[in-house]
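Observations on chain architecture
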Amino acid sequence: MSITSPRILVIEDEPSQVEILRFNLHQEGFDVRVSMDGEAGVQAAIEDPPDLILLDWMLPNLSGIEVCRLLRRKKETREIPVLMLTARSEERDKIRGLDIGADDYITKPYSIRELIARIHSALRRPKASIVEHKLCVGVIELDLEKHKVMSEGIAIDLGPTEFRLLATLMHSPERVFSRERLLDLVWDISAALETRTVDVHIGRLRQALAGTKGKAQIRTIRGFGYSVSPV
């Protein structure tokens, strides 16, 4: 039985970088496709979703930031790991990239060995089990249609905001969401609310899960945000 090679979409406009990436990724056994501008990259990802996207920050037509924002809004691409490649090395740029949904951020010039290691790490990230409109991560089961949550067979009473917050985290287990990103995804606004709002609702969510193993699955990443883990 043949094993399908992981498919990587490279969105990069520098021909020399494209050739370096294409050669080394092929050597590693990946199936590589290339788009040379932002608009084409978004279209390619939607039409034939890859397993992972390598995304340059500086692109013609659409910047990498805008590409990533669009990918995270489309149901076909919102769960695909995105690794941003950029010459921008300042911390505020890295935080900006992660805030709009990138899974990792690699500054140029980079080590090919490190890049490949990060690609493998992103591809190993667990995915939520979705069966009959239910999300399952560890002991937590969330029914998207009935708006019910169970943990170890115990019904958990959540308000609508806590339910949306938990569902967002469970859609991408172990992905770290910044507070700003959660405001955008859960509340659909980022400017009108303070990031402290997220902390308050995370506290309520943990309180609701108290007494079950589920409470240990909501992890705080100090200084950045939150994630949910299956263990």
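For the structure, see preceding data.
The paragraphs below set out a description of the structure included in this document. (Residues numbered from 1 in each chain as written. Predicted model: local features only at pLDDT ≥ 70, side-chain atom pairs only at ≥ 80, totals over all residues. Heavy atoms only, no water.)

Things to note about the pairing of strand β13 (residues 225-228)
As a reminder of what qualifies: For each residue, the accessible area found with a 1.4 Å probe, counting protein chains only, is set against the maximum for its type, and the residue is called buried under 20%, exposed over 50%, and partly exposed in between. Each helix corresponds to a stretch of at least 4 residues labelled H or I by DSSP, and each strand to a stretch of at least 2 residues labelled E; elements are numbered beginning at the N terminus. Between any two strands, pairing holds if DSSP finds at least two bridges.
Here β13 shows two buried faces, one formed by G225 and S227 and the other by Y226 and V228. Sheet analysis places strand β11 (residues 177-178) next to β13, joined by 2 bridges and oriented antiparallel. Directly across from S178, in β13, lies its bridge partner G225. Sheet topology places strand β12 (residues 218-221) next to β13; 4 bridges connect them, and they run antiparallel. Note on β13: the bridge partner recorded for R219 is S227. Where β12 folds back on β13, the antiparallel hairpin that results is connected by 3 residues, among which G223 adopts a positive phi of roughly 80°.

So, the sheet that holds β11
Selection rule: A contact between two residues is defined here by any heavy atoms of the two lying within 4.5 Å. For helices, the fitted axis covers only the stretch in contact; all axes are lines through C-alpha atoms, and the angles between them, taken along N-to-C directions, range from 0 to 180 degrees.
One open sheet holds the 3 strands; their spatial order is β11-β13-β12, and the pairing between them is antiparallel. Two strands in the sheet have a free side with no partner beyond their single neighbour: β11 and β12. Relative to β13, helix α6 (residues 160-171) is tilted by about 70°, and along the sheet it contacts β11, β12 and β13.

Quick look at the side chain of S172
Structurally, the position occupied by S172 is in the loop between α6 and β11. Using a relative accessible area of 3% as the deciding quantity, one classes S172 as buried. What S172 contacts, discounting residues up to four positions off in sequence, is E79 and F177.

Here's the deal with the sheet that holds strand β4 (residues 82-86)
Pairing within the open sheet is parallel, and its 5 strands lie in the order β2-β1-β3-β4-β5. Two strands in the sheet have a free side with no partner beyond their single neighbour: β2 (31-35) and β5 (104-107). Each strand of the sheet is rotated relative to its neighbour by a mean of 20°, with strand direction disregarded. One ladder, built from 5 bridges, connects strand β1 (residues 7-11) with β2; its direction is parallel. Across the sheet, residue R7 finds its bridge partner in β2, namely D31.

Some words on the packing of α6 against helix α8 (residues 196-209)
We apply this condition: Oblique is the label for every angle not falling under 35 degrees (roughly parallel), over 145 degrees (roughly antiparallel), or within 65 to 115 degrees (roughly perpendicular). Classification used: nonpolar for Ala, Val, Leu, Ile, Met, Phe, Trp, Tyr, Cys and Pro, charged for Asp, Glu, Lys and Arg, polar for all others including Gly.
Viewed as axis vectors pointing N to C, α6 and α8 meet at an angle of 90°, and their least axial separation amounts to 10 Å. Taken as axis vectors, α6 and α8 run roughly perpendicular relative to one another. Seen from α6, the contacting residues are T161, E162, L165, L166 and L169; seen from α8, they are H201, I202, R204 and L205. Classifying every residue of the contact of α6 with α8 by side-chain character gives 5 nonpolar, 2 polar and 2 charged.

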